[in-house]
Structure formats: structure tokens, C-alpha cells
Amino acid sequence: MMAYTLFFTTLLVISCIIIHGGALYYLETSKTKNISFFEFGKFSIVLISSHLLQILLFAYFYSYSFQNFNGQALFGGILQNNFVDFFYFSIVCYTTLGMGDVFPLGDMRITAGLEALIGLVLIAWTAAFKLVYLFKINK
């Protein structure tokens with residue numbers, strides 16, 4: 001189980017970096033010289049969509065693991081064994097919100113911890129990108 005968790009967690013982290021880097025590259029190559037409500041809205045939608053896609057990837061991994069390794073205790077707390085629970089848990093991890101009503105057990109703690117780390121880094125990358133863009137526009 002440990003090798004499975006480490007392998008797929010590594011793939012998820014790499015995928016998140018590629019997805020987010022691709023979104024930022026798209027925005028970098030398509031931005032204009034003047035800021036408008038439409039342009040800023042487009043930036044926000046693309047970046048939020050990138051984060052949501054990453055959260056969905058982790059949620060799918062949690063759900064798949066839970067369904068296929070149900071003999072092992074992977075999660076505790078208030079869990080009703082549906083995808084929404086894992087999507088919620090993934091949002092809580094990615095944003096480092098840490099509600100605690102659903103929590104990882106065993107090897108899944110590694111994945112949840114790395115999801116929190118990658119979420120923190122990529123959210124900061126998003127904020128830095130938007131800030132640099134706004135400063136460039138105002139010059």
C-alpha cells in the first residue's frame with residue numbers, strides 16, 4: 001500500500017504543477033496591456049478552474065483508493081462513502097482549511113499532507129502571478 005500511495009501521490013503532485021503551470025502559461029501569453037473587468041474575470045476563472053481540477057484529481061484518488069482498498073482503514077470521521085465526501089476532504093486539504101470531520105489514516109496521511117503543501121504553494125503562485133500582472137498593468 002505504501003508504494004501505491006507514494007507512486008500515485010508523486011504523479012498527482014507532478015500533474016498539479018503541470019496543470020497550474022499550463023494555466024499560467026496560457027494566461028501569460030494571452031494577457032493584454034490594459035486591465036479590464038473581463039480580462040481580470042478571465043484570469044480568475046482560469047486560475048480557479050485550474051485549482052478545482054487539481055482538487056478533483058486528488059478527490060478521485062481518495063475515492064478510488066477507498067473503494068478498492070476498503071479492507072484498510074484509510075479515512076476516519078464522518079464519511080458516507082460518496083464522491084462528494086472525498087471532494088470535500090480534498091478541498092479542505094488543498095486549501096489547508098483543516099476542518100477535521102473527515103481525516104486520513106495510515107498511508108493516506110502522506111497524500112493529504114502533500115496535497116496541503118502543493119495547494120499552499122500553487123495558491124501562493126496564483127496570488128503572485130496576479131499581483132505581478134496588476135503591477136505591470138499599472139506602470
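Model, not experiment: these values are computed from the prediction.

What counts, and where the lines are drawn
Residues numbered from 1 in each chain as written. Predicted model: local features only at pLDDT ≥ 70, side-chain atom pairs only at ≥ 80, totals over all residues. Heavy atoms only, no water. Axes fitted to C-alpha atoms, helices over the stretch in contact; angles between N-to-C directions. Helix = DSSP H or I, 4+ residues; strand = E, 2+ residues; numbered from the N terminus. Parallel < 35°, antiparallel > 145°, perpendicular 65-115°, else oblique. Nonpolar A, V, L, I, M, F, W, Y, C, P; charged D, E, K, R; others polar. Patch = residues over 30% accessible without salt bridge, like charges linked within 9 Å, V, L, I, M, F, W, Y side chains within 5 Å. Areas by Shrake-Rupley, 256 points an atom, 1.4 Å probe, with all protein chains shown as cover. Salt bridge = Lys/Arg side-chain N within 4 Å of Asp/Glu carboxyl O. Buried < 20%, exposed > 50% of the residue type's maximum accessible area, 1.4 Å probe, protein only. Core = buried A, V, L, I, M, F, W, Y, C linked by side-chain atoms within 4.5 Å. Contact = heavy atoms within 4.5 Å. Left-handed = near helix turned anticlockwise from the far one by under 90°. Disulfide = S-S within 2.5 Å. Phe/Tyr/Trp six-rings, centres within 6.5 Å; stacked < 30°, edge-to-face > 60°.

Student: Describe the packing of helix α1 (residues 2-30) against helix α2 (residues 37-68), and please don't skip the residues or the numbers.
Tutor: Where α1 meets α2, the axes come as close as 10 Å, and the angle between the chain directions of the two elements is 170°. Here α1 is positioned roughly antiparallel relative to α2, judged by the angle of their axes. Taken together, the residues of the contact of α1 with α2 break down into 17 nonpolar, nine polar and two charged.

Student: Describe in detail a nonpolar patch on the surface, supporting the description with residues and values.
Tutor: Taken together, Leu56, Tyr60, Tyr64 and Phe83 make up a surface patch of nonpolar side chains, about 400 Å² in accessible area. The element that contributes the greatest number of residues to the nonpolar patch is α2, accounting for three residues. Structurally, Tyr60 can be placed in helix α2. Judged by its relative accessible area of 51%, Tyr60 is exposed.

Student: Lay out the nonpolar core in plain terms, naming residues and giving numbers.
Tutor: Ranked by internal contacts, the top residues of the largest apolar core, which has 20 residues, are Phe58, Phe61, Tyr62, Phe75, Phe89, Met108 and Ile118. Elements with a contribution of two residues or more to this core: α1, α2, α3 (83-94) and α4 (108-138). Sort the elements by how many residues they give to this core and α2 lands first, with five residues. Discounting residues that sit within four places of it in the chain, Met108 has contacts with Met1, Phe61, Tyr62, Ser65, Leu74 and Phe75. Leu27, Phe43, Leu47 and Phe129 belong to the second largest nonpolar core, which has six residues in total.

Student: Which residues make up the packing of α2 against α3, and what are the values?
Tutor: Following both chains from N to C, one finds α2 and α3 inclined at 125°, their axes separated by 8 Å at the closest point. With respect to their mutual orientation, α2 and α3 come out oblique. Of the two elements, α2 crosses α3, and the hand of that crossing is right-handed. For the pair formed by α2 and α3, the contact residues are His51, Leu52, Gln54, Ile55, Leu56, Phe58, Ala59, Tyr60, Tyr62, Ser63 and Phe66 on the first element and Phe83, Phe86, Phe87, Phe89, Ser90, Ile91, Cys93 and Tyr94 on the second. Looking at the contact of α2 with α3 residue by residue, the classes come out as 15 nonpolar, four polar and no charged.

Student: Summarise the state of the cysteines; cite the residues concerned and give the values.
Tutor: Per the stated rule, a full pass over the model turns up zero disulfides. Summary of cysteine pairing: Cys16 is not part of a disulfide, and the nearest cysteine sulfur, belonging to Cys93, is at 12 Å. Cys16 sits in the buried class, given a relative accessible area of 0%.

Student: Requested: an account of the packing of aromatic side chains, with residues and values cited.
Tutor: Counting across every chain of the model gives 15 aromatic pairs. Ring geometry for Phe7 against Phe8: centres 5.0 Å apart, planes inclined by 85°, an arrangement best described as edge-to-face. Exposure remark for Phe8: the relative accessible area of 33% places this residue in the partly exposed category. Considering the side-chain rings of Phe66 and Phe86, the 5.3 Å spacing of their centres and the 50° angle between planes classify their relative orientation as tilted. Placement of the pair is Phe66 in helix α2 and Phe86 in helix α3, with a sequence separation of 20 residues. For Phe86, a relative accessible area of 0% translates into the label buried. Linked through ring pairs, Tyr4, Phe7, Phe8, Phe58, Phe61, Tyr62, Phe66, Phe69, Phe75, Phe86 and Phe89 together constitute an aromatic cluster.

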